[in-house]
Amino acid sequence: MKAYQNGNHAVLARPMTNIEYHMKQDQCDLEDLEGIEVEGGYFIIFDESNFAWFQKEIFERDCKELTV
């Protein structure tokens, strides 16, 4: 995962579709997500217990990659 700056917060993120996120977090089967349109986005970890999925356009608008 790469590090990004989101406002005043540093986050870790990696590309992930909304379907992949739901399958991972909700532990559901692909059949349970039938009819949901696949969207590109990012899985984001704020800290050990806070994480989220952002649409690609929102993530790329609000987050900047941190470079060393």
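Values in this document were obtained by computation on a predicted structure and should not be read as measured data.

Description of the sheet that holds strand β2 (residues 9–15)
Sheet strands line up and pair through hydrogen bonds in the backbone, either parallel or antiparallel.
Then, in step 1: As summarised here, the arrangement of the five strands in space is β4-β3-β2-β1-β5, forming an open sheet in which the pairing is antiparallel. Each edge of the open sheet is held by one strand with a lone partner, namely β4 (50–55) and β5 (63–65). Sheet twist, expressed as the average angle between the axes of neighbouring strands with direction ignored, equals 35°.
Then, in step 2: Bridge analysis of strand β3 (residues 41–47) against β4 gives six bridges, and the strand direction is antiparallel. Looking at β4, one finds that D47 is bridged to N50.
Then, in step 3: The strands touched by helix α1 (residues 18–25) within the sheet are β2, β3 and β4, with β4 carrying the most contacts at an inclination of about 155°.

Conventions we followed
- Residues numbered from 1 in each chain as written.
- Predicted model: local features only at pLDDT ≥ 70, side-chain atom pairs only at ≥ 80, totals over all residues.
- Heavy atoms only, no water.
- Pairing = 2+ DSSP bridges.
- Helix = DSSP H or I, 4+ residues; strand = E, 2+ residues; numbered from the N terminus.
- Axes fitted to C-alpha atoms, helices over the stretch in contact; angles between N-to-C directions.
- Contact = heavy atoms within 4.5 Å.

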